[in-house]
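This is what each chain is made of:
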Amino acid sequence: KECCPIWPTDNSSCGEASGRGTCQDVVISNAPVGTQFPFSGIDDRENWPFVFYNRTCQCQGNFTGYNCGECKFGYTGPNCDIRRNLIRKEIFKMTTAEKDKFIAYLNLAKRTISPDYVISTGTYEQMGNGSNPMFADINVYDLFVWMHYYASRDAFLEDGGVWENIDFAHEAPGFLPWHRLFLLVWEREIQKVAGDENFTIPCWDWRD
């Protein structure tokens, strides 16, 4: 299946008319799965995202997003060619006003349904191999709770059991890069909900 949405500004798939991207076949890694997961073809997340779609927007230059309608992290402007640095503040050094704003933005995200994303409410097998789609709207805050769960949950086996021996989001080499991207995307969605492009999530120096 294909996931190549229209970029509304030029009304073309992946913003192709404006040179932002094109709809292409997804290329996945052919590297073997770690020995901690001795199965094949039983989990939605194997060879992601092939179980749901195999064509997506491949963005060019500094464009990114599901329809190439956004700028890569660290860039801004109509052509995404202006460098932009945001500094995350250590949470214990935030002022009372900064903490209050952070909590207010989280509450707003909790009350705002995501205009761009839905979540699956069943496995691919439960969806009848895609013939019975099972998806639901979700608020922006819970979307990221769900994403974290989806990446780290146990694997569901064909006999109804689960495989608990590995958590690929935390007990594997993907721990750091996956969470780095996760926080960047979460931060951006909060910026959009709040209409505050200068918002940054606080960091925590756990060495203290």
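Residues numbered from 1 in each chain as written. Predicted model: local features only at pLDDT ≥ 70, side-chain atom pairs only at ≥ 80, totals over all residues. Heavy atoms only, no water.

Student: Tell me about the packing of helix H1 (residues 96–110) against helix H2 (residues 140–152), and please be specific about residues and values.
Tutor: Remark: H1 packs on H2, axes separated minimally by 5 Å, with the N-to-C direction vectors making an angle of 85 degrees. Accordingly, the angle class assigned to the pair H1 and H2 is roughly perpendicular. Residues Leu106, Ala109 and Lys110 of H1 form the contact with H2, whose participating residues are Val140, Tyr141 and Asp142. In the contact of H1 with H2, the residues fall into four nonpolar, no polar and two charged. (Axes fitted to C-alpha atoms, helices over the stretch in contact; angles between N-to-C directions. Helix = DSSP H or I, 4+ residues; strand = E, 2+ residues; numbered from the N terminus. Parallel < 35°, antiparallel > 145°, perpendicular 65-115°, else oblique. Contact = heavy atoms within 4.5 Å. Nonpolar A, V, L, I, M, F, W, Y, C, P; charged D, E, K, R; others polar.)

Student: Account for the packing of H2 against helix H3 (residues 175–194), naming residues and giving values.
Tutor: For the pair H2 and H3, interaxial distance at closest approach is 10 Å and the crossing angle is 165 degrees. Between H2 and H3, the crossing angle belongs to the class labelled roughly antiparallel. Taken as a pair, H2 and H3 cross one another with a handedness that is right-handed. Here Val140, Tyr141, Phe144, Met147, His148 and Ala151 of H2 come into contact with H3, specifically with Trp178, His179, Phe182, Val185, Trp186, Glu189 and Val193. Tallied by class, the residues present in the contact of H2 with H3 amount to 10 nonpolar, two polar and one charged. (Left-handed = near helix turned anticlockwise from the far one by under 90°.)

Student: If you had to explain the sheet that holds strand S5 (residues 55–59) to someone new, which residues and values would you point to?
Tutor: Across the sheet, which stays open at both edges, the three strands sit in the order S1-S5-S4 with mixed pairing between neighbours. Unpaired on one side and paired on the other, strand S1 (2–3) and strand S4 (21–25) mark the two borders of the sheet. Inspection of the sheet shows S1 paired to S5 by two bridges, in the parallel sense. Bridge assignment links Cys3 to a residue of S5, and that residue is Thr56. (Pairing = 2+ DSSP bridges.)

Keep in mind these values describe shape, not function.
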